[in-house]
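If you want the building blocks of each chain, they are given just below.
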Amino acid sequence: MWLPILGLAAGLALGLLVSVQVPLTYVKYSAIAILAAVDTLLGGMRAQVAGRFDLRVFLSGFIVNTLFAALLTALGDLLGLDIYLGAVVAFSIRIFNNIGFIRRDLIGLIWRARPIEAGET
Amino acid sequence: MRVHPWQVLLCAVAVAVGFGLVVQVRTERSIETSLQVPSGRLGEVAYRYRQAEREDAVLRDQLASLRQDIADEELRAAAGRQATAALGPELARMRALAGLTPVSGPGVRVTITDSNRPLRPGEDPNLVLIHYSDVHAVVATLFAAGAEAVAVNQDRIAGTTGISCVGTTILCNARRLAPPYQIDAIGDPAGLRAAVNARGGILNELRAFDFPVTVELEREIRLPAYTGTFVHQFARPVDKGG
């Protein structure tokens, strides 16, 4: 469970140490792709906490979500539509949902001895 | 604690996500600090930039052509400068001749005024009044005797000056004159005086009719410039060849 968080921290540190920049042309697309990646990562963590993690689903979701988010944004640019707004909204909602589930599952794991009533918060 | 292979893979993905996140944030921040706009508006910035470049190219072209114009004009001005330098004194002389400059010099001052002799009953009042023809005769005599500049009551006589009358008023340069009529002329003083005082001349005649007439020699007379306009609506210069 702690390995992914460790990996995330390592990735953050690596990004800070290595000075790489996204080419200006792709900044818009990479931003959306990273939002999708964060969402997928959180989804994976949630599945892991829930005990139903599937590596294939996770990896395929990671790749496909990331790519499609970027492609959708590019399509929106071609059409002159702000399609990326849709991706932003969708992924943001999912991220919030995932965080909520992870939080509740974690609470359930830690205080298993004292079960809490089901429900929000 | 057992480490599953899929946990390692998940860790690798997490590393990738963390790395990408930081790179993205740093790129965004560098864009915002250097361009002062969020990355979402980069397209707009690029568009503005291209537009500015296009305007820049147009302005450069204009600058080049204006520089060329300046160079051409300078060449032309250099060529025209000698001609202008030659024209300057000529122009000044012409203006002086036309009466457009104040002039001073030696000359005579002729003063004539209406007679103060009382009229006898039934006598024509015209006999005691100075007429425009008298003023004109004095001016004409002075010019004929070589006067270079003449003014009547400080009104300069130019080439188009007419002396006329409307009713009892004498007009010179379309301005009304009032007695006494003081006619200043610049020229050889002795010659001018001899001309106006000539036997049978205009002053001789006026004196005969008891008009007060004085002729003074002046060492220095100052005549004003002609202040009227020159209107040439019908007269056109004729080319020597034509």
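Quick note: structure is the one above.
Keep in mind it's a predicted model, so treat the numbers as computed, not measured.

*Asks:* Describe the overall build of chain B, listing the residues and the values that go with them.
*Replies:* Along the backbone of chain B there are 5 helices and 8 strands. Reading chain B from its N terminus to its C terminus gives the helix and strand order α-α-β-α-β-β-β-β-β-β-α-α-β. Burial analysis of chain B (242 residues in total) assigns 24% to the buried set. Excluding contacts between residues fewer than 6 apart, the proportion of contacts in chain B whose partners are at least 24 apart in sequence is 75%.

*Asks:* For the pairing of strand E1 (residues 103–112) of chain B, give the residues involved together with the corresponding values.
*Replies:* Residues and elements named next belong to chain B. Where E1 lies against strand E8 (residues 213–223), 9 bridges are found, and the strand directions are antiparallel. In the strand pairing of E8, Ser-104 is matched with Arg-222. As defined by bridge partners, E1 adjoins strand E7 (residues 181–186) across 6 bridges and the pair is classed as antiparallel. Of the residues in E7, the one forming a bridge with Ile-112 is Tyr-181.

*Asks:* How would you explain the sheet that holds strand E4 (residues 163–166) of chain B if you had to name every residue and give the values?
*Replies:* All names here are of chain B. Read across the open sheet, the 3 strands follow the order E4-E5-E6; overall the sheet is antiparallel. What marks the edges here is a single partner per strand, and that holds for E4 and strand E6 (175–177). Averaged over all pairs of adjacent strands, the angle between their axes in this sheet comes to 40°, without regard to strand direction. Of the pairings in the sheet, the one linking strand E5 (residues 169–172) to E6 comprises 3 bridges and is antiparallel in character. Counted as the bridge partner of Ile-170 is Leu-177 from E6. Against the sheet, helix H3 (residues 132–144) engages E4 and E5, with an angle of about 170° to E4.

*Asks:* Tell me about the interface of chain B and chain A, and please be specific about residues and values.
*Replies:* Contact residues are listed per partner, giving 26 residues for chain B and 27 residues for chain A. No other element matches helix H1 (residues 5–35) of chain B, which puts 23 residues into the side of chain B that touches chain A. Along the lines of polarity and charge, the residues of the side of chain B that touches chain A split into 16 nonpolar, 8 polar and 2 charged.

*Asks:* Got a sec to walk through the environment of Pro-212 of chain B? Specific residues and values, please.
*Replies:* Residue and element names in this part refer to chain B. Within the secondary structure layout, Pro-212 lies in the loop between helix H5 (202–208) and E8. By C-beta crowding, Pro-212 is classed as partly exposed, having 16 other C-beta atoms within 10 Å. Residues Pro-212 and Thr-113, spaced 99 residues apart in sequence, show a C-alpha to C-alpha distance of 6.0 Å.

*Asks:* Go over the sheet that holds E8 of chain B, please, and point to the residues and values.
*Replies:* One open sheet holds the 5 strands; their spatial order is E3-E2-E7-E1-E8 (chain B), and the pairing between them is antiparallel. Among the strands making up the open sheet, the edge pair consists of strand E3 (155–156) and E8 of chain B.

*Asks:* Talk me through the packing of helix H3 (residues 55–79) of chain A against helix H4 (residues 83–110) of chain A; I want residue IDs and the actual numbers.
*Replies:* Residue and element names in this part refer to chain A. Direction vectors running N to C along H3 and H4 enclose 150°, while the axes themselves pass 7 Å from each other. Of the possible angle classes, the one that applies to H3 and H4 is roughly antiparallel. When H3 is examined against H4, the residues Ala-69, Leu-72, Thr-73, Leu-75 and Gly-76 are found in contact with a partner set consisting of Ile-83, Tyr-84 and Ala-87. When the residues that make up the contact of H3 with H4 are grouped by side-chain class, the tally is 6 nonpolar, 2 polar and no charged.

*Asks:* An account of unusual backbone geometry is requested, with residue identities and associated values reported.
*Replies:* Residue and element names in this part refer to chain B. In this structure, the amide linkage connecting Pro-179 to the following residue, Pro-180, adopts the cis form with an omega of 0°. In this structure, Pro-180 sits in the loop between E6 and E7. Of note in the backbone geometry, Gln-154 takes a positive phi value of approximately 60° without being a glycine. Looking at the element boundaries, Gln-154 is found in the loop between strand E2 (149–152) and E3. Judged by C-beta crowding, with 10 C-beta atoms within 10 Å, Gln-154 ranks as exposed. Positive phi is not limited to glycine here, since Asp-210 has a value of about 70°. Tracing the backbone through its elements, the reader meets Asp-210 in the loop between H5 and E8.

*Asks:* Run through the pairing of E4 of chain B, naming residues and quoting values.
*Replies:* Residue and element names in this part refer to chain B. Pairing of E4 with E5, which is carried by 4 bridges, proceeds in the antiparallel orientation. Pairing of Val-166 across the sheet is with Thr-169, part of E5. Following E4, the chain reverses through 2 residues before pairing antiparallel with E5; Gly-167 in that reversal takes a positive phi of roughly 65°.

Calculation notes
Residues numbered from 1 in each chain as written. Chains lettered and ligands numbered in written order. Predicted model: local features only at pLDDT ≥ 70, side-chain atom pairs only at ≥ 80, totals over all residues. Helix = DSSP H or I, 4+ residues; strand = E, 2+ residues; numbered from the N terminus. Buried ≥ 20, exposed ≤ 12 C-beta atoms within 10 Å, placed from the backbone. Contact = placed C-beta atoms within 7 Å. Pairing = 2+ DSSP bridges. Axes fitted to C-alpha atoms, helices over the stretch in contact; angles between N-to-C directions. Nonpolar A, V, L, I, M, F, W, Y, C, P; charged D, E, K, R; others polar. Parallel < 35°, antiparallel > 145°, perpendicular 65-115°, else oblique.

Such coordinate-based values are descriptive only and should not be taken to indicate function.
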